[in-house]
Amino acid sequence: MKKETVTAVVFGIILGGILAVILIIKSRDSQLAKNKMITPAEKTVQPALANNADLKPMEIVSPDDRTIVNKNSITIKVNAIKNSLVIIQSPAKDMVFMTDKDQFSVDFPLAYGENIIRVAIYPKDKQLRPQEKELRIYYFDQSL
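Quick look at the structure, then. The structure presented is a predicted model; accordingly, all values stated were derived computationally and were not measured.

What about the overall build of the protein chain?
No. 1: Counting its regular elements, the protein chain contains one helix and eight strands.
No. 2: The linear arrangement of helices and strands in the protein chain, starting from the amino end, is α-β-β-β-β-β-β-β-β.
No. 3: With 144 residues in all, the protein chain has 22% of them scored as buried.
No. 4: In the protein chain, the share of contacts with a sequence separation of at least 24, taken over all contacts with a separation of at least 6, comes to 57%.
No. 5: Total accessible area on the protein chain stands at roughly 11400 Å², and carbon and sulfur atoms take up 57% of it.

Listed below in structure tokens is the structure:
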């Protein structure tokens, strides 16, 4: 009786292993059939970029960075893209306006001491990137 029991257990393990392998293969095939195949996407047409003439970078003509002045205002001259939104920010004042020309100038008030002025240009054309520059202007009285 011992011999028959051992034979039955061995055959049960072998048949159970074969059945498990068959079930794993069948379930993998059914999973692959259920999943959607990833097909290569159609080539997307990218919109044409703006002309290189429009891609000129913003340039602050005057004043130079880290300038020391003895007046409480300064004229900022900037070369930028025409028809852009301009935002000038400092501790003393914030200004927002649209440009009509490629070059513009603005009288800007200064606070006593160090003034960190940020000039940001946002072009009307959405394909062009916004540009931002920072100036440090120091305002001190002449009595020092």
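Now that the structure has been shown, we can carry on.
Focus: the sheet that holds strand β7 (residues 113–123)
No. 1: Ordered by their spatial adjacency, five strands build an open sheet running β2-β8-β7-β4-β5, and the pairing between neighbours is mixed. Both outer strands of the open sheet, β2 (67–69) and β5 (94–98), are each paired with one neighbouring strand and no more. Taking each pair of neighbouring strands and ignoring which way they run, the sheet shows an average axis angle of 20°.
No. 2: Where β7 and strand β8 (residues 131–139) come together, nine bridges link them in antiparallel fashion. When the bridges of β8 are listed, Glu114 appears paired with Tyr138.

About the cut-offs
Residues numbered from 1 in each chain as written. Predicted model: local features only at pLDDT ≥ 70, side-chain atom pairs only at ≥ 80, totals over all residues. Heavy atoms only, no water. Helix = DSSP H or I, 4+ residues; strand = E, 2+ residues; numbered from the N terminus. Buried < 20%, exposed > 50% of the residue type's maximum accessible area, 1.4 Å probe, protein only. Contact = heavy atoms within 4.5 Å. Areas by Shrake-Rupley, 256 points an atom, 1.4 Å probe, with all protein chains shown as cover. Pairing = 2+ DSSP bridges. Axes fitted to C-alpha atoms, helices over the stretch in contact; angles between N-to-C directions.

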